[in-house]
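Residues per chain, in single letters:
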Amino acid sequence: MSDSQKLDQTFVQQIPPGDEQTRSVCGHCGFVDYKNPKIVVGSVAVWNDTILLCRRAIEPRRGFWTIPAGYMELNETPEAGAAREAQEEACADIVIDRLLAIYSVPRISQVQLMFRARLASPDVAIGPESLEVQLCKWGDIPWPEMAFPTAVWALKDYWRSRQKTQFPPFTNPAP
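In this report, the structure presented in the accompanying data block is examined.

Reading guide: rules and limits
Residues numbered from 1 in each chain as written. Predicted model: local features only at pLDDT ≥ 70, side-chain atom pairs only at ≥ 80, totals over all residues. Heavy atoms only, no water. Salt bridge = Lys/Arg side-chain N within 4 Å of Asp/Glu carboxyl O. Helix = DSSP H or I, 4+ residues; strand = E, 2+ residues; numbered from the N terminus. Expected span 1.5 Å × (residues − 1). Buried < 20%, exposed > 50% of the residue type's maximum accessible area, 1.4 Å probe, protein only. Contact = heavy atoms within 4.5 Å. Core = buried A, V, L, I, M, F, W, Y, C linked by side-chain atoms within 4.5 Å.

Quick word on the pattern of salt bridges
Pairs may arise between side chains of opposite charge once their charged atoms sit close together. Here the structure, examined in full by the defined rule, presents ten salt bridges. For the salt bridge of R55 with E132, the shortest nitrogen-to-oxygen distance reads 3.2 Å. Of this pair, R55 sits in strand β5 (residues 50-56) while E132 sits in strand β10 (residues 130-137), and the two are 77 residues apart along the sequence. Bridged by salt links that share partners, the residues E76, R84, E85 and E88 form one connected network.

Let's talk about helix α3 (residues 149-161)
The terminal C-alpha atoms of α3 lie 18 Å apart, and with 13 residues this matches the ideal 18 Å at 1.5 Å per residue to within 8%. T150, A151, V152, A154, L155, Y158 and S161 are the residues of α3 that are buried. Tucked into the core, α3 has its buried residues touching β4 (38-47), β5, β6 (65-66), β8 (94-105) and β9 (110-119).

Some thoughts on the environment of D140
Inspection of the secondary structure puts D140 in the loop between β10 and α3. Looking at D140, the relative accessible area reads 52%, which means it is exposed. Separated by 90 residues in sequence, D140 and T50 have C-alpha atoms that sit 9.6 Å apart.

So, the nonpolar core
With 20 residues, the main nonpolar core has V44, L53, I67, M146 and L155 as its most contacted residues. Contributions of two or more residues to this core are made by β4, β5, β8 and α3. Tallying contributions element by element places α3 first for this core, with five residues. Once residues within four sequence positions are removed from consideration, I67 is found in contact with S43, V44, L52, L53, E89, M114, A151, A154 and L155.

Things to note about unusual backbone geometry
In this structure, P60 follows E59 across a cis peptide bond, with omega equal to 0°. Mapped onto the secondary structure, P60 falls in the loop between β5 and β6. Although it is not a glycine, C91 adopts a positive phi angle of roughly 50°. Summarising the element assignment, C91 is placed in the loop between α2 (78-90) and β8. Look at S109: it is not a glycine, yet its phi comes out positive at around 55°. Take S109: it is sitting in the loop between β8 and β9. Of the residues examined, S109 reaches a relative accessible area of 39% and is grouped as partly exposed.

See below:
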């Protein structure tokens, strides 16, 4: 029996004291293995009247279009995560303007934080997670080929907010 199989056998499903939900609890030490939602961060990044889109090179939804977004890393702020995702997917440097929207997707246990951002320059390129990147005018967005509903929601929320140009610069308050 492998070490991981032995470890798996020490966890039992029970409601820990002071809790209301069944959790995986170590039968030896009482450690509670909490399973929490994943946080996704991304941006609707624009250059003049164009929006950055990426064609996915990875599953899920390989070959479909999306905005730069992905899972937040440990020890990372949401803003830094959104900037990292834009860099990874489109070799793009972005400037965060403000939080655009928060989407809850409970069926896949995700909370998505989408930012409104500007490209520091129009120089974008294919990153390791993209097959193609492009700066797209609103009327040219390939809606039927969009990978995820949340990317569509973010684009539409951006479009509704685009006339609001008096947003203060986004700042993350110090903890």
